[in-house]
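Coordinate inspection notes
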Amino acid sequence: MKSPLLALPGAVPAEGTDEGVAAHYGDIFREQRHLAQGRGFVDLSHRGVITVSGEDRLTWLHLLLTQHVSELAPQQATEALVLSPNGHVEHALYLVDDGATTWVHVEPGTQAELVGYLEKMKFFYRAEVADATADYAVVHLPAGSTASAEGAAAVRELPYGRDLFLPRAELAALTGAYGPPAGVWAYEALRIEAHRPRLGFETDHRTIPHEVDWLSTAVHLNKGCYRGQETVARVHNLGRPPRRLVFLHLDGTEEVLPPHGTEVRLASDPQGRALGIVTSSARHHELGPIALAVVKRNVPVDALLLAGTVAAGQEVVVPQ
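Residues numbered from 1 in each chain as written. Predicted model: local features only at pLDDT ≥ 70, side-chain atom pairs only at ≥ 80, totals over all residues. Heavy atoms only, no water.

1. So, empty space enclosed by the protein
Scanning the model with the defined rule gives one cavity of 30 Å³ or more in all. Put simply, the largest cavity is a space of about 30 Å³. Around the largest cavity, the lining residues are Leu250, Asp251, Glu254, Val256, Leu257, Pro258, Arg283, Pro289 and Val310. For the lining of the largest cavity, the residue count by class is six nonpolar, no polar and three charged. (1 Å grid on protein atoms, 1.4 Å probe; cavity = no way out; pocket = protein on both sides within 12 Å on 5 of 7 lines; lining within 4 Å. Points joined across faces, edges and corners; volume = space filled by probe spheres on them. Nonpolar A, V, L, I, M, F, W, Y, C, P; charged D, E, K, R; others polar.)

2. Some details on the sheet that holds strand β4 (residues 48–53)
Overall, antiparallel pairing links the five strands, which are arranged β5-β6-β7-β4-β8 in an open sheet. The open sheet has two free edges, formed respectively by β5 (78–83) and β8 (128–131), since each of these has just one partner strand. Going from strand to strand, the sheet's axes swing by 30 degrees on average, the running direction of each strand aside. Packing against the sheet, helix α3 (residues 111–120) makes contact with β4, β5, β6 (89–97), β7 (101–106) and β8, and its axis sits at approximately 165 degrees to β8. (Pairing = 2+ DSSP bridges. Helix = DSSP H or I, 4+ residues; strand = E, 2+ residues; numbered from the N terminus. Axes fitted to C-alpha atoms, helices over the stretch in contact; angles between N-to-C directions. Contact = heavy atoms within 4.5 Å.)

3. So, the nonpolar core
Counting 22 residues, the largest nonpolar core has Leu81, Trp214 and Leu245 as its most contacted members. The set of elements that each furnish at least two residues to this core consists of β5, β6, α5 (184–193), β13 (243–250) and β16 (288–296). If sequence neighbours within four positions are ignored, Trp214 has contacts with Glu79, Leu81, Val89, Ala92, Tyr94, Pro197, Arg198, Leu199, Thr203, Pro209 and Val219. One finds Val82, Val104, Leu118 and Ala127 within the second-largest nonpolar core, a separate group that totals 21 residues. (Core = buried A, V, L, I, M, F, W, Y, C linked by side-chain atoms within 4.5 Å. Buried < 20%, exposed > 50% of the residue type's maximum accessible area, 1.4 Å probe, protein only.)

4. Let's talk about the pairing of β7
The buried fraction of β7 is high, at six of six residues. Neither face of β7 is open: one carries Thr101, Trp103 and His105, the other Thr102, Val104 and Val106, and all of them are buried. As judged from the six bridges shared by β4 and β7, these two strands associate in the antiparallel manner. Residue pairing across strands places Thr51 opposite Trp103, the latter belonging to β7. Relative to β7, β6 runs antiparallel, the two being bridged by four bridges. Directly across from Asp97, in β7, lies its bridge partner Thr102.

5. A few points about the packing of helix α1 (residues 28–36) against α5
In contact at an axis separation of 9 Å, α1 and α5 are set at 60 degrees when each is read in the N-to-C sense. Taken as axis vectors, α1 and α5 run oblique relative to one another. Between α1 and α5 lies a crossing of right-handed hand. Residue-level inspection shows Ile28, Glu31, Gln32, Leu35 and Ala36 of α1 in contact with α5, the latter providing Trp185, Ala186, Tyr187, Ala189 and Leu190. For the contact of α1 with α5, the residue count by class is eight nonpolar, one polar and one charged. (Parallel < 35°, antiparallel > 145°, perpendicular 65-115°, else oblique. Left-handed = near helix turned anticlockwise from the far one by under 90°.)

6. So, the pattern of salt bridges
Throughout the structure, instances matching the rule amount to 18 salt bridges. Between Asp56 and Arg126 there is a salt bridge, with its nearest N and O atoms 3.0 Å apart. With a gap of 70 residues between them, Asp56 in the loop between β4 and α2 (57–64) and Arg126 in the loop between α3 and β8 connect regions that are remote in the sequence. In this structure Asp56 comes out as buried when scored by relative accessible area, which is 15%. Residue Arg126 is classed as partly exposed on the basis of its relative accessible area, which comes to 49%. Close ionic contact of Asp97 with Arg57 constitutes a salt bridge, the shortest N to O distance being 2.8 Å. Of the two residues, Asp97 sits in strand β6 while Arg57 sits in helix α2, which places them 40 residues apart along the sequence. Owing to a relative accessible area of 9%, Arg57 belongs among the buried residues under this scheme. Where salt bridges share partners, they join Asp18, Arg47, Glu107, Glu188, Arg191, Arg198 and Glu202 into one cluster. (Salt bridge = Lys/Arg side-chain N within 4 Å of Asp/Glu carboxyl O.)

Encoded structure:
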């Protein structure tokens, strides 16, 4: 779904997963600085939007998700996952309840599959699920923004900003009061800096929540049963995940960023076996080139790494 904000001056369309919105508006570092200063907004209108209504919506979702949501207070933002029976991550949900409806945004293109799964699990619960992507669009305001959220159908208040669910037909009109636009490249650079995992980037078909630090934000370890809980509990109580997320400071003399899927090796053994892959990379306005990677758990935390041919120092995100 192509955003009308691509008509703004300087907009350069994003590609791949983020197709449909702007990658940048001409100056990625200025856009990052604006967001870091609490100015402007990010068009995330390519993301999927799902609504869940009905008296039993939170009780029902509580049974399906990794997060404790049965008593979720109105306007309280949270994250949750849907896992496979073996505990692998299938969906990541970013949600808020307004007292009558639960609003969810998800990765672009994943909403139809998620809605299909939820519909199959309704049974006798009084809950109605709808794909609202055609009617509502997500826009992000950074922390510190003084822009009004008037006109938004729902708002997720977060430590790093606010996610607004805006009527799609009013997207251009409402965002005109939010300040300078920033593209998803700027948003991604700040996400990587904050070590926030993203479905389909930091995850693959084998990912369990422990590997990418989703235990701290999207999993409640003391709630009732849900699909995949046995794996979550077993790994948390008895073992360690086979892989772990790391943050990489990349050699700034290299001109090309290592793309998603670039193999990671020990710098001391550049011809050796791959120990993991780069999952996301960006140029940061203060830190220079940075990345997230998922590596084998036993990679020494102080080891100098190579992301492809780029030297990389690592910071621990998930303990060894």
